[in-house]
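Geometric and topological summary
The chain contents come next:
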Amino acid sequence: MNRTHHPPDFRTRGRRPRTAAGLALAAVATAGTLGLLSACGGPPHSSSPPSSSPHSSSPHSSSMPTMNMPNMNMPASRPGTGRPVSGTAVAIKNFAFAPATLKVPVGTTVTWTNEDTDAHTVTSTGPGGPLHSAALGTHATYSHTFTKAGTYAYLCTIHPFMTATVEVTR
């Protein structure tokens, strides 16, 4: 009698090996994620029929929706990298202090004006610093007279990425 011996199959009938089950789970998760992402890119819901444009073949041809995010204009570069500018005014606009570095003589009063629609503060970065404004609404101002020479670093406590300095000279 000729019998061929086969090693036992430890898999339970009807069950996939772990790697196949893991791949199947990953495929389902990926498909679900792609489905959600594609749903986000669809046209806005409306009771009127979709309009077609001469440049698109279907109402779903846009690859990415546009997002309207007001008041989120971020500065293109770090605000603290510019050369010192002389003057007595600092504008707060586009989520940055302009100029980022202001150079003034001792005894100068500097005035900050908020030109953004969001509130901002002018607050010294170090402990015991002289700058402590309240939250400034649109068009509000804050002034401080510098009586001692030195470099005064400050920031907006609401938006801490907004930083700048005042260099006070004799």
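Residues numbered from 1 in each chain as written. Predicted model: local features only at pLDDT ≥ 70, side-chain atom pairs only at ≥ 80, totals over all residues. Heavy atoms only, no water.

As a further point, take the environment of His120. Tracing the backbone through its elements, the reader meets His120 in the loop between strand S5 (109–114) and strand S6 (123–124). The spatial distance from the C-alpha of His120 to the C-alpha of Leu155 is 9.1 Å, given a sequence separation of 35 residues. If we ignore the near neighbours within four places in the chain, the residues touching His120 are Ile92, Phe95, Asn114, Ala134, Ala135, Leu136, Cys156, Ile158, His159 and Met162. Among the polar contacts listed, one links the side chain of His120 to the side chain of Asp116, at a separation of 2.9 Å. A distance of 3.1 Å separates polar atoms of two side chains, one belonging to His120 and the other to His159. (Helix = DSSP H or I, 4+ residues; strand = E, 2+ residues; numbered from the N terminus. Contact = heavy atoms within 4.5 Å. Polar contact = N/O pair within 3.5 Å; in protein donor to acceptor, adjacent residues only side chain to side chain.)

The next subject is the packing of aromatic side chains. All chains considered together, the criterion is met by six aromatic pairs. Centre to centre, the rings of Trp112 and Tyr142 are 5.7 Å apart; their planes meet at 35 degrees, and the pair counts as tilted. One end of the pair, Trp112, is in strand S5; the other, Tyr142, is in strand S7 (residues 141–145), and 30 residues separate them in sequence. Assessed through its relative accessible area of 15%, Tyr142 is described here as buried. Taken together, Phe97, Trp112, Tyr142, Phe146, Tyr152 and Tyr154 form an aromatic cluster joined through their ring pairs. (Phe/Tyr/Trp six-rings, centres within 6.5 Å; stacked < 30°, edge-to-face > 60°. Buried < 20%, exposed > 50% of the residue type's maximum accessible area, 1.4 Å probe, protein only.)

Right, let's get into the environment of Thr165. Counting through the fold element by element, Thr165 comes out in strand S9 (residues 163–169). As for Thr165 and Pro84, which are separated by 81 residues in sequence, their C-alpha atoms are 8.9 Å apart. The residues contacting Thr165, other than those within four sequence positions of it, are Ala100, Thr101, Leu102, Thr151, Tyr152, Ala153 and Tyr154. Here the side chain of Thr165 touches Thr101 through a polar contact of 3.4 Å, side chain to side chain.

What follows concerns the nonpolar core. Among the nonpolar cores identified, the biggest contains 20 residues, and Phe97, Trp112, Val122, Phe146, Tyr154 and Val166 are the most heavily contacted of them. Mapped by element, the contributors of at least two residues to this core are strand S2 (89–93), strand S4 (101–105), S5, strand S8 (150–155) and S9. In terms of residue count, the dominant contributor to this core is S9 (three residues). Excluding residues within four positions of it along the chain, Trp112 makes contact with Val90, Ile92, Phe97, Val122, Leu131, Ala140, Thr141, Tyr142, His144, Phe146, Tyr154 and Val166. (Core = buried A, V, L, I, M, F, W, Y, C linked by side-chain atoms within 4.5 Å.)

Regular strands place their side chains on alternate faces of the sheet. Judged from the two bridges that link them, strand S1 (residues 85–86) and S4 form a sheet pairing that is parallel. Looking at S4, one finds that Ser86 is bridged to Lys103. With five bridges connecting them, S4 and S9 associate as parallel partners. Paired with Lys103 across the strands is Glu167, a residue of S9. (Pairing = 2+ DSSP bridges.)

Right, let's talk about the environment of Thr145 for a bit. For Thr145, the location among the structural elements is in strand S7. Remark: the alpha-carbon pair of Thr145 and Val106, spanning 39 residues in sequence, is separated by 8.4 Å. A distance of 2.5 Å separates a polar atom in the side chain of Thr145 from a polar atom in the side chain of Thr109.

Once that is clear, we can look at the confidence of the model for the protein. Per-residue pLDDT for the protein has a mean of 73; in total, 52% of the residues score no lower than 70. Overall, residues 33–80 carries pLDDT values under 50, and its contacts beyond four positions in sequence, including any with other chains, amount to 24 contacts. (pLDDT = per-residue confidence, 0-100.)

Further remarks concern the side chain of Asn114. Relative to the helices and strands, Asn114 is located in strand S5. The residues contacting Asn114, other than those within four sequence positions of it, are Ile92, Ala119, His120, Leu136, Gly137, Thr138, His139 and Ala140.

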